[in-house]
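Results of the structural survey
Chain by chain, the residues run as shown.
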Amino acid sequence: MLNSVAEPAERDPVRRRLSAQERRRQLVGIGLAKIVEKPIQDLSMDDIATEAGISRGLLFHYFPTKTDFYLACIAAAGRRMLRTTAPDPDAPGEVQVEMVTRLMIEQIDRRRDFYLALVHGHGVADPRVSEVVDSVREGSTERVVAALGVPERQREVVRAWWAYTEDRALTWSAVPTGERPVPVSQLVRECVAALHALLRISV
């Protein structure tokens, strides 16, 4: 006699419950991935929640407003930028400066639209955005100061030089690749030369 009781359907794998910190990290990670595809102000909270496998309401439990979520993504992007532009700490100081300058220029070139939004605050009208910009510049400044042994009194000179370098990178990266007036290697040399000139005249 056949067993009249149907075999139970195969169950979906049990999804591990994430801690609040893990869930926030997951959501920000999704946001960071989408920033590459579109401006941060165009991110859809519904799309973020769907990709995370949670409800829109639960997303707002972790980030009470869209701005809170955007700011968390921008802050994470700033930390990532500092990680990806870190020079080799074992290299000579001059080499470290050239390396971090080149890495920053290349990073701006790859993420120009996002960097413009970050610097000029497009799409997220919140003063906390400037704190992210400041943290990136301060971290980059500290690397140059440490690499070259720049006196504390000249720290602001280095910081101002970074603003100049960012502007050069944004202008350079706005030109199509095959039409740029100088290669990245020359742009790096010019920026580093400007740094040394500024440090000499500000002694």
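Preceding this section is the structure that the text describes.
Not measured: the values here are computed from a predicted model.

1. Focus: the overall build of the protein chain
Scanning the protein chain from N- to C-terminus turns up 9 helices and 0 strands. From first element to last, N terminus to C terminus, the protein chain shows the α and β order α-α-α-α-α-α-α-α-α. Burial statistics for the protein chain: of 203 residues in total, 39% are counted as buried. Counting only contacts in the protein chain whose residues sit at least 6 apart along the sequence, the fraction spanning at least 24 positions is 66%. Split by element, the accessible area of the protein chain, about 12000 Å² in all, is 53% carbon and sulfur.

2. Some details on the nonpolar core
Counting residues in each nonpolar core, the largest one holds 29 residues, and the members touching the most others are Ile-105, Val-144, Val-158, Trp-161, Trp-162 and Leu-195. Elements with a minimum of two residues in this core: α4 (66-84), α5 (93-110), α7 (128-148), α8 (155-173) and α9 (184-201). Take this core: its biggest share by element is 8 residues, from α9. Once residues lying within four places of it in the same chain are set aside, the contact partners of Leu-195 are Val-97, Val-144, Leu-148, Val-158 and Trp-161. In terms of nonpolar packing, the next biggest core, distinct from the first, is built from 25 residues, Ile-30, Leu-32, Ala-52 and Val-132 among them.

3. What to know about a positive patch on the surface
On the surface, Arg-79, Arg-80, Arg-83, Arg-110 and Arg-111 cluster together into a positively charged patch. The leading source of residues in the positive patch is α4, at 3 residues.

4. Focus: the packing of aromatic side chains
Summed over the entire model, instances satisfying the criterion amount to 3 aromatic pairs. Summarising the aromatic geometry, the rings of Phe-63 and Phe-69 are spaced 5.2 Å apart at their centres and angled 75 degrees between planes, so their arrangement reads as edge-to-face. For Phe-69, a relative accessible area of 0% puts it in the buried group. An angle of 55 degrees between the planes, with centres 6.4 Å apart, marks the rings of Phe-69 and Tyr-70 as tilted. The exposure class of Tyr-70 is buried, given its relative accessible area of 7%. One Lys or Arg, Arg-180, reaches over the ring of Trp-172 and ends 4.1 Å from the middle of that ring.

5. Section: helix α1 (residues 20-35)
The terminal C-alpha atoms of α1, which comprises 16 residues, lie 23 Å apart, in line with the 22 Å expected from a rise of 1.5 Å per residue. Within α1, burial applies to Arg-23, Leu-27, Val-28, Ile-30, Gly-31, Leu-32, Lys-34 and Ile-35.

6. A closer look at the environment of Ala-146
Tracing the backbone shows Ala-146 in helix α7. Using a relative accessible area of 56% as the deciding quantity, one classes Ala-146 as exposed. Linking Ala-146 and Val-97, residues 49 residues apart in sequence, is a C-alpha distance of 9.8 Å.

7. Describing the environment of Ala-33
Here Ala-33 shows up in helix α1. By relative accessible area, Ala-33 is classed as partly exposed at 41%.

8. Overview of the pattern of salt bridges
Going through the model one piece at a time under the given rule, you end up with 11 salt bridges. Note that Arg-155 is salt-bridged to Glu-138, the shortest N-O span being 2.7 Å. One end of the pair, Arg-155, is in helix α8; the other, Glu-138, is in helix α7, with 17 residues separating them in the sequence. A relative accessible area of 13% places Arg-155 in the buried class.

What counts and what doesn't
- Residues numbered from 1 in each chain as written.
- Predicted model: local features only at pLDDT ≥ 70, side-chain atom pairs only at ≥ 80, totals over all residues.
- Heavy atoms only, no water.
- Helix = DSSP H or I, 4+ residues; strand = E, 2+ residues; numbered from the N terminus.
- Buried < 20%, exposed > 50% of the residue type's maximum accessible area, 1.4 Å probe, protein only.
- Contact = heavy atoms within 4.5 Å.
- Areas by Shrake-Rupley, 256 points an atom, 1.4 Å probe, with all protein chains shown as cover.
- Core = buried A, V, L, I, M, F, W, Y, C linked by side-chain atoms within 4.5 Å.
- Patch = residues over 30% accessible without salt bridge, like charges linked within 9 Å, V, L, I, M, F, W, Y side chains within 5 Å.
- Salt bridge = Lys/Arg side-chain N within 4 Å of Asp/Glu carboxyl O.
- Lys, Arg positive; Asp, Glu negative; His and termini not counted.
- Charge placed at Lys NZ, Arg CZ, Asp CG, Glu CD.
- Phe/Tyr/Trp six-rings, centres within 6.5 Å; stacked < 30°, edge-to-face > 60°.
- Lys NZ or Arg CZ within 6 Å of the ring centre and 35° of its normal.
- Expected span 1.5 Å × (residues − 1).

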